[in-house]
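# Residue-level structural notes
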Amino acid sequence: MAPDYDRMRAAMVEAQIRRRGIRDPRVLDALARVPRHEFVPANLQAMAYDDTPLPIGGGQTISQPYMVALMTEALGLRGGEKVLEVGTGSGYQAAVLAELGCRVISVERDPELAAQAARRLERLGYDVQVVVGDGTLGVPEEAPFQAILVTAGAPRVPPSLEAQLDPQGGVLVIPVGDRGVQELLRLTRRGNRVLREDLGGCRFVPLVGKEGW
Ligand code: SAM
């Protein structure tokens, strides 16, 4: 019998997301809708709703569901924003952002992962523009962004990404630290001022690029 993914997803949202303090109903709804099992390799589908990151090939991972929810909530999206994601990976986070009614541009440095994610997102009906390249440099021709989400760990905040934030309240969420452990930072830009907040510890694969590792 096929696993009941709808039931597994609802249980994930309740136990791993809502009970851990994620309150934004739009974020909870988005996680309840995106079929996460479609974003993991076939042999790991039974684990798709477990409380853990999972391997997706190329030495990369799809992030833990709670981390996706925490980062998404931290962006404070209301719908209609232009959002840049750095690190498409499986495309799952991009699908969550698209569910929130944002225009999503997602950059991935690994061409094979990017192609797989683009095909998957299209098949599932998500309107996401997947770009192959070094996301540490952002996508200057599409800037400014109301939100930028980096889903790999950086040694420092890439200046190009900070510069591509909308000066009227653009928000950048990014893990910054060493190659193993990072702090999740939120930067909010108002004019030339940037407010920096620390949202807690996290573990991401390295952000590799000109303004990364
Ligand atoms: N957001 C993804 C998802 O929902 O499946 C998970 C991202 S995974 C933790 C990190 C991804 O960042 C990897 O796919 C990796 O290839 C990518 N990456 C690392 N450095 C990058 C860079 N400079 N530009 C774009 N992508 C990068």
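Here goes a summary of the coordinates provided. Worth saying up front: this structure is predicted, and the values here are computed from it rather than measured. (Residues numbered from 1 in each chain as written. Predicted model: local features only at pLDDT ≥ 70, side-chain atom pairs only at ≥ 80, totals over all residues. Heavy atoms only, no water.)

Turning next to the packing of aromatic side chains. Inspection of every chain in the model, using the stated rule, returns two aromatic pairs. Ring centres of Tyr5 and Tyr49 lie 6.2 Å apart, and the angle between their planes is 45°; on these two criteria the pair is classed as tilted. On the criterion of sequence distance, the pair formed by Tyr5 in helix α1 (residues 5-18) and Tyr49 in the loop between α2 (25-33) and β1 (54-57) is long-range, its members being 44 residues apart. The exposure class of Tyr49 is buried, given its relative accessible area of 4%. Ring centres of Phe39 and Tyr92 lie 5.6 Å apart, and the angle between their planes is 70°; on these two criteria the pair is classed as edge-to-face. With a gap of 53 residues between them, Phe39 in the loop between α2 and β1 and Tyr92 in helix α4 (residues 92-99) connect regions that are remote in the sequence. Accessibility expressed as a relative area gives 1% for Phe39, which makes it buried. Between Arg20 and the ring centre of Tyr66, over which it is positioned, the NZ or CZ distance is 5.3 Å. (Phe/Tyr/Trp six-rings, centres within 6.5 Å; stacked < 30°, edge-to-face > 60°. Helix = DSSP H or I, 4+ residues; strand = E, 2+ residues; numbered from the N terminus. Buried < 20%, exposed > 50% of the residue type's maximum accessible area, 1.4 Å probe, protein only. Lys NZ or Arg CZ within 6 Å of the ring centre and 35° of its normal.)

Counting residues in hydrophobic clusters, the biggest one holds 49 residues, and the most contacted among them are Leu31 and Tyr92. Of all the elements in the fold, those that place two or more residues in this core are α1, α2, β1, α3 (65-74), α4, α5 (111-123), β6 (147-150) and β7 (168-177). Residue contributions to this core peak at seven residues, all from α3. (Core = buried A, V, L, I, M, F, W, Y, C linked by side-chain atoms within 4.5 Å.)

Here we come to the sheet that holds strand β4 (residues 103-108). Strand order in the open sheet formed by seven strands is β5-β4-β3-β6-β7-β8-β9, with mixed pairing between adjacent strands. Looking at the sheet topology across the chains shown, the edges are occupied by β5 (128-132) and β9 (193-202). Direction aside, the axes of adjacent strands within the sheet are offset by 15° on average. Relative to β7, β6 runs parallel, the two sharing three bridges. What sits directly across from Leu149, in β7, is Val173. (Pairing = 2+ DSSP bridges. Axes fitted to C-alpha atoms, helices over the stretch in contact; angles between N-to-C directions.)

What follows covers unusual backbone geometry. Look at the link from Ala143 to Pro144: it is a cis peptide, with omega at 5°. Relative to the elements of secondary structure, Pro144 occurs in the loop between β5 and β6.

The residue Pro159 is located in helix α6 (residues 159-163) in this model. Judged by its relative accessible area of 54%, Pro159 is exposed. Residues Pro159 and Ala46, 113 residues apart in the sequence, show an inter-C-alpha distance of 40 Å.

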